[in-house]
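# Fold and geometry: a report
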Amino acid sequence: MLRKLLAILSAFLCFGLANQGHAEDGYDLWLRYQPLESATKARVAPVLRYFVASTDRPTIAAAAAELKRGLGGMLGAVPGQHARVDEAGGILIATTDAMPLDVAARDLPRIGDEGYAIRTLAIEGKPTILILANKDVGALYGVFRLLKLLQTGQAIDRLDIVDAPKLKVRVLNHWDNLDRHVERGYAGQSLWDWQKLPLYKDPRYTDYARANASIGINGTVLTNVNANADILRPDYLQKVKALAEVFRPYGIRVYLTARFSAPIELGGLKTADPLDPQVRAWWKAKIDEIYTVIPDFGGLLVKANSEGQPGPADYKRTHAEGANMLADALAPHHGILMWRAFVYAAENAEDRHKQAYTEFQPLDGKFRDNVLVQVKNGAIDFQPREPFHPLFGAMPRTPLMMEFQITKEYLGFATHLAYLGTMWEEALEADTFRPGKGSTVAKLLETPVDPGAATGMAGVANIGTDRNWSGSQFDQANWYAFGRFAWNPDAGADAIARDWAAMTWGNDGATVDTVVRMMMGSREAVVNYMTPLGLTHQMATGHHYGPGPWVADLKRPEWNPVYYARAAPDGIGFDRTKAGSDALSQYAPQVAKRWDSLKTVPDALLLWFHHVPWDYRMQSGRTLWDELVIHYDAGVDAVARMQADWAGLEARVDPERWAQVRDFLAIQHEEAMWWRDASIAYFQSISKRPLPEGHKPPAHDLDYYKAITTPYAPGQGR
Ligand code: GCW
């Protein structure tokens with residue numbers, strides 16, 4: 001049976017040359033496919049010389065092309081493609097529809113639509129690697145997995161891997177404007193060259209899709225959540241269609257952001273009230289139109305009634321009424337609606353931490369089945385450290401998806417080395433205690449609220465036109481890690497860093513260990529030199545570049561850093577206990593209790609939840625003031641250690657990328673000092689305490705830091 005099926009497949013053979021040596025600039029991301037060392041090559045090459053693909057459908061063709069590219073690079077010769085695996089053994093890429101059931105039966109139910117199995121077996125006595133999937137995209141993911149095994153130097157002689165994504169919707173959110181400005185983008189312009197689309201499809205779109213598919217990302221929201229209705233115009237939809245065509249073979253669907261007032265702006269209606277029949281009809285027609293152009297369109301993402309965006313509240317309607325109108329129009333096409341919970345209202349005096357919960361929690365169960373409420377990991381805004389968002393676990397009848405920010409708006413833009421894997425892991429591992437112990441955020445995300453309900457994770461992309469895609473070599477790791485966590489929220493920050501380091505920098509133990517060490521400590525370093533001990537949102541106004549803890553003159557209280565730190569002669573920190581804003585009451589009692597007590601709240605969240613005197617005795621026995629200063633310095637010292645670590649890798653890493661990282665670390669060190677000095681100068685002007693012994697005073701006085709302006713810092717909102 002197997003023989004017969006394989007025999008009908010058409011054959012062709014081709015040989016080529018390995019990747020030519022070239023200076024590396026980061027364009028290849030983690031898909032560098034460098035030559036394997038000769039002993040490994042000798043061991044694996046015989047099995048990898050040939051492969052068979054069970055169909056030539058576009059996704060399988062993409063998988064075959066990637067296999068040729070990857071093995072070509074690693075082995076120095078492009079593998080031949082055979083019609084029959086039994087001719088020579090090799091790799092067999094197959095979907096279950098092309099396989100006899102007895103081969104497939106074991107794995108079928110476990111791998112679903114997007115998973116795969118990879119097994120070594122002997123066919124006609126010849127060693128074979130079988131990559132098996134129910135659907136073509138699973139086979140593509142399987143090929144990337146096999147390539148990763150080789151890139152990371154793992155044995156391939158006894159493979160028995162079964163893997164499938166734990167979340168269904170794994171999407172990037174591009175905050176890209178139609179003029180190619182990227183809000184909070186630090187990697188050049190938007191990749192989407194709307195002016196040249198649809199006729200010119202930049203080959204880079206394909207590389208973008210390859211990179212995403214390699215980590216299992218299956219959707220991309222092309223446009224900014226601060227939305228422009230023009231993307232819904234017919235001419236723009238043709239451009240979107242062109243992108244969708246490039247991405248389709250890679251299993252990636254396109255999504256768009258919907259501006260809630262589009263019926264007025266594009267449709268000429270007088271209102272965008274979601275209960276108005278004309279408005280509903282306009283959206284229905286628009287969404288039908290989108291699906292005639294792009295039949296596998298993923299759906300829409302909406303930011304409503306937040307930071308000036310229009311929304312249902314403009315008509316005294318709820319978020320659920322707004323979302324459901326769009327969801328109803330999407331449902332016949334199996335489209336989904338992602339509705340963001342990032343809201344805080346101008347006229348609301350409630351602690352900003354509490355506002356999203358206050359507004360959304362009562363709407364639990366009121367959203368249509370095809371709505372996902374998209375919740376940021378923390379309640380404020382992608383800060384270097386936040387406790388998990390209290391909405392997780394609090395809306396058991398509503399699918400919630402996670403929103404992480406991959407681009408480093410608040411963690412030093414592109415020049416600070418900060419691996420976000422550890423930050424996301426912290427959020428995912430947090431126990432919400434809802435409904436009971438062990439209800440981690442990861443588990444809640446992975447468990448559909450009803451059988452068949454959607455699950456998902458979104459990442460605000462850090463991708464642009466820079467040659468290295470992400471603005472820095474190390475920021476590629478955050479794109480990579482996002483994909484891996486979206487596939488499996490339990491993947492582990494350390495394991496992900498290891499894979500990325502081996503693929504990106506070189507697979508020798510010393511390089512990997514050093515790179516991983518740098519990465520794993522990097523986010524805590526940023527927390528320490530920017531916002532230690534639970535401080536938050538101390539960044540300068542608008543662009544958020546550099547420190548601005550003294551800023552107090554912005555029109556809305558929660559835009560001012562002083563709102564968050566509340567530094568005063570009596571102490572520092574935001575009281576969120578009952579005596580204060582009582583935000584703690586939004587968490588499960590077990591969580592609230594731990595964070596409420598000064599005895600049990602971790603130091604890392606102390607000033608997030610408590611206002612404490614400068615001389616408050618910390619668990620270390622030191623005063624809060626001393627501990628604060630020590631943390632700022634620890635952050636700066638950690639950057640110096642990264643510099644030393646990196647210096648040690650000079651001989652092991654290609655010169656162009658090595659030098660860029662070295663120089664970026666120098667920028668980071670300078671800016672870490674800036675953060676440390678400016679923050680200490682400001683807080684000392686209030687605490688009036690001397691610096692602990694051995695800690696040097698800021699290089700300049702407070703006025704010097706206050707006078708620094710950076711009006712052209714990149715990525716600002718417009
Ligand atoms: O973090 C803030 C950013 C805004 C952004 C907003 C949001 C797209 O400063 O630029 O707007 O969050 O998430 O909507």
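Bear in mind that the values here come from a model prediction, so they are computed numbers and not experimental data. (Residues numbered from 1 in each chain as written. Predicted model: local features only at pLDDT ≥ 70, side-chain atom pairs only at ≥ 80, totals over all residues. Heavy atoms only, no water.)

## Describing the sheet that holds strand β3 (residues 90–95)
Two modes of strand pairing occur in sheets, parallel and antiparallel, and in both the strands are linked by backbone hydrogen bonds. Going by this rule: Strands are treated as partners if at least two bridges between them are detected by DSSP. By definition, any uninterrupted DSSP run of H or I lasting at least four residues is a helix, any uninterrupted run of E lasting at least two residues is a strand, and each is numbered from the N terminus.
Sheet architecture is open: six strands sit in the order β2-β1-β3-β5-β4-β6, paired in mixed fashion. Both edges of this open sheet fall to β2 (80–81) and β6 (160–163), since each of them pairs with a single strand only.

## Looking at the environment of phenylalanine 574
Residue placement: phenylalanine 574 occurs in the loop between α19 (561–565) and α20 (589–596). When the C-alpha positions of phenylalanine 574 and tyrosine 563 are compared, they lie 8.2 Å apart, and in sequence the two are 11 residues distant.

## What about helix α16 (residues 476–487)?
The periodicity of an α-helix, 3.6 residues per turn, causes residues three or four places apart in sequence to face the same way. Put simply, the test is: Here the expected length of a helix is defined as 1.5 Å per residue gap, with one fewer gap than residues. The buried label goes to any residue with under 20% of its type's maximum accessible area, the exposed label to any with over 50%, and the partly exposed label to all in between, with areas taken from a 1.4 Å probe on protein chains only.
Between its first and last C-alpha atoms α16 spans 17 Å; for 12 residues at 1.5 Å apiece the expected length is 16 Å, and the two agree. Extensive coverage of α16 is indicated by the burial of 12 of its 12 residues. Within α16, burial applies to Gln476, Ala477, Asn478, Trp479, Tyr480, Ala481, Phe482, Gly483, Arg484, Phe485, Ala486 and Trp487.

## Some words on the environment of valine 661
Worth spelling out the cut-off: Whether two residues are in contact is decided by their heavy atoms: any pair within 4.5 Å suffices.
Within the fold, valine 661 resides in helix α23 (residues 655–687). Since its relative accessible area comes to 5%, valine 661 is described here as buried. With sequence-adjacent residues up to four places away left out, valine 661 is seen in contact with Gln473, Phe474, Trp505 and Trp646.

## A short note on the confidence of the model for the protein chain
Put simply, the rule is: Each residue gets a pLDDT score, which is the predictor's confidence in that residue and runs from 0 to 100.
When the pLDDT values of the protein chain are averaged, the result is 94; 95% of them are 70 or greater. Every residue in residues 3–21 scores below 50 in pLDDT, and together they form 42 contacts with partners more than four places removed in sequence or on other chains.

## Let's talk about the packing of helix α7 (residues 136–151) against helix α8 (residues 203–214)
Two numbers describe a pair of packed helices, the interaxial angle and the distance between the axes. Rules: As a rule, the C-alpha atoms of each element are fitted with a line to give its axis, helices using only the stretch in contact, and angles between N-to-C directions run from 0 to 180 degrees. In what follows, roughly perpendicular refers to angles from 65 to 115 degrees, roughly parallel to angles under 35, roughly antiparallel to angles over 145, and oblique to any angle outside these ranges. Gly is put with the polar residues, along with every residue not named as nonpolar or charged; the nonpolar set is Ala, Val, Leu, Ile, Met, Phe, Trp, Tyr, Cys and Pro, and the charged set is Asp, Glu, Lys and Arg.
Between α7 and α8, the shortest axis-to-axis distance is 9 Å and the interhelical angle comes to 80°. Judged on the interaxial angle alone, α8 and α7 are roughly perpendicular. For the pair α7 and α8, the contacting residues are Leu140, Tyr141 and Phe144 in the first and Arg210, Ala213 and Ser214 in the second. Each residue belonging to the contact of α7 with α8 can be placed in one class, and the counts come to four nonpolar, one polar and one charged.

## Examining the packing of helix α2 (residues 38–48) against helix α3 (residues 58–75)
Applicable threshold: Here is the rule for handedness: rotate from the far helix to the near one, and if that takes an anticlockwise turn smaller than a right angle the crossing is left-handed, while a clockwise turn gives right-handed.
Closest axis-to-axis distance for the α2/α3 pair is 11 Å, and the angle between their directions is 145°. Of the two possible hands of crossing, α2 and α3 adopt the one that is left-handed. On α3, the residues that touch Lys41, Val44, Ala45 and Leu48 of α2 are Leu71, Met74 and Leu75. Looking at the contact of α2 with α3 residue by residue, the class counts come to six nonpolar, no polar and one charged.

## Notes on the site of the ligand
Formally: Put simply, a residue is near a molecule or strand once any heavy atom of it comes within 4 Å of that molecule or strand. Identification of polar contacts relies on pairs of N or O atoms within 3.5 Å, with a donor-acceptor requirement for protein atoms, meaning one able to donate a hydrogen and the other able to accept it, and with residues adjacent in sequence counted only if both atoms are side-chain atoms. Shrake-Rupley sampling with a 1.4 Å probe provides the accessible areas, and residues are treated as covered by the protein chains on show and by no other component.
Around the ligand, a shell composed of 15 residues is seen, among which Glu183, Lys303, Arg340, Asp381 and Glu409 lie nearest. One of the side-chain nitrogen or oxygen atoms of glutamate 183 is found 2.4 Å away from an oxygen atom of the ligand. If the ligand stood free it would expose 340 Å²; the protein chains cover 97% of that surface. Taken together, the residues of the shell around the ligand sort by class into four nonpolar, three polar and eight charged.

## Thoughts on the packing of aromatic side chains
Rules: Between rings of Phe, Tyr and Trp, where Trp is taken as its six-membered ring, a pair exists when centres lie within 6.5 Å; planes separated by under 30 degrees are stacked, by over 60 edge-to-face, and by other angles tilted. Counted as over-ring charges are cases with an Arg CZ or a Lys NZ within 6 Å of the ring centre that also lie within 35 degrees of the ring normal.
Evaluated as defined, the whole model comprises 39 aromatic pairs. With centroids separated by 5.4 Å and ring planes inclined at 55°, the aromatic side chains of phenylalanine 474 and tryptophan 500 adopt a geometry described as tilted. Note that phenylalanine 474 is positioned in the loop between β14 (456–460) and α16 and tryptophan 500 in helix α17 (residues 493–505), a separation of 26 residues in sequence. Aromatic rings pair up to connect Tyr27, Trp30, Trp192, Tyr205, Tyr208, Phe247, Trp469, Trp479 and Tyr480 into one cluster. In this structure, arginine 566 packs its charged tip against the face of phenylalanine 574, placed 3.9 Å from the ring centre.

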